[in-house]
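Commentary on secondary and tertiary structure
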Amino acid sequence: LPEADRHTLIRRVTFDLTGLPPTPGQVDRFVADRSGEAYGKLVDQLLASPAYGERWAQLWLDLARFAETDGFEHDKIRREAWKFRDWVIDALNKDLPYDTFVQMQIAGDELSPGDVNAAVATGFLMAGPDMPDINDQAERRHTKLNEMTSTVGTVFLGLTLGCAQCHD
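Quick summary incoming for the structure in this document. (Residues numbered from 1 in each chain as written. Predicted model: local features only at pLDDT ≥ 70, side-chain atom pairs only at ≥ 80, totals over all residues. Heavy atoms only, no water.)

1. Comments concerning empty space enclosed by the protein
Test applied: Using protein atoms alone on a 1 Å grid, points that fit a 1.4 Å probe yet trap it form a cavity, whereas open point sets bounded by protein on both sides within 12 Å along at least five of seven lines form a pocket; residues with an atom within 4 Å of a point count as lining. Grid points are joined across faces, edges and corners, and a volume is the space filled by probe spheres set on the points. Residue type decides the class: Asp, Glu, Lys and Arg count as charged, Ala, Val, Leu, Ile, Met, Phe, Trp, Tyr, Cys and Pro as nonpolar, and the leftover types, Gly among them, as polar.
Throughout the structure, instances matching the rule amount to one cavity of 30 Å³ or more. If you add up the space inside the largest cavity, you get close to 50 Å³. In this structure, the largest cavity is lined by Asp70, Gly71, Phe72, Glu73, His74, Asp75, Lys76, Asp130, Met131, Pro132 and Asp133. Classifying every residue of the lining of the largest cavity gives three nonpolar, two polar and six charged.

In C-alpha cells form, the structure reads like this:
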C-alpha cells in the first residue's frame, strides 16, 4: 500500500489517540511541518492531551462495568461514581505504570491506607450492578462478591471465574 498523505495521517493518529478529529489548525501545522520530527511531535502532543485519557478510559471503564447508576429495577444514581471514572482518566493521562494501575484498583485502600485516591481506585470492585435495596443483605453481599471475583478474573486473568460460584 502507498504511504498515507499527511492529511490522512494526522486524521488517523488523532482519531486513534483521542477519539476526536484534528482541528483545522492542527492539520495546517502538521502539513506545513516537513521536519523529520513532525510526526513524533504530533504523537507527543496527542498523548499529552486530556482527550487521550478520556478516550482510552472509555475502554477500561467498559471492562470495569462502570455505571453511574445501580442498574436493576430501581436504577438509583451513584453520586460518587464520577470519582472512579476521573481516577481512571487521570491515571491514563499520567501514564501510571500498568502494575500500579491494577494494584490500586484491586487493593489501593490496603496498599495506601488513608490515601483518598487509593480508595477511589478501588471503585473498580464496586462499579458493577448492585441492588442496595434488596431485602436480604447477605444475598446482596454474596452476589456482589461473586460479581467482583468474576470481573477480576475476566479482566486481569482472562479467565471466566464466574462459573465457580456454582461449580467446583
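2. Notes on the pattern of salt bridges
Side chains that differ in sign of charge can pair as their charged atoms come close. Inclusion rule: Salt bridges are defined as contacts in which a side-chain nitrogen from Lys or Arg sits within 4 Å of a carboxyl oxygen from Asp or Glu. Secondary structure counts use DSSP, requiring at least four H or I residues in a row for a helix and at least two E residues in a row for a strand, with both numbered from the N terminus. Summary of the burial criterion: residues with accessible area below 20% of their type's maximum are buried, those above 50% are exposed, and those between are partly exposed, where the area comes from a 1.4 Å probe applied to protein chains only.
Counting across every chain of the model gives nine salt bridges. One salt bridge connects Glu147 with Lys144, and the closest N-O pair in it is separated by 3.5 Å. Linking Glu147 with Lys144, this pair stays in helix 9 (residues 137–157), spanning three residues, or about one helical turn. Overall, the relative accessible area of 7% leaves Lys144 in the buried class. Through salt bridges with shared partners, one network takes in Arg65, Lys144 and Glu147.

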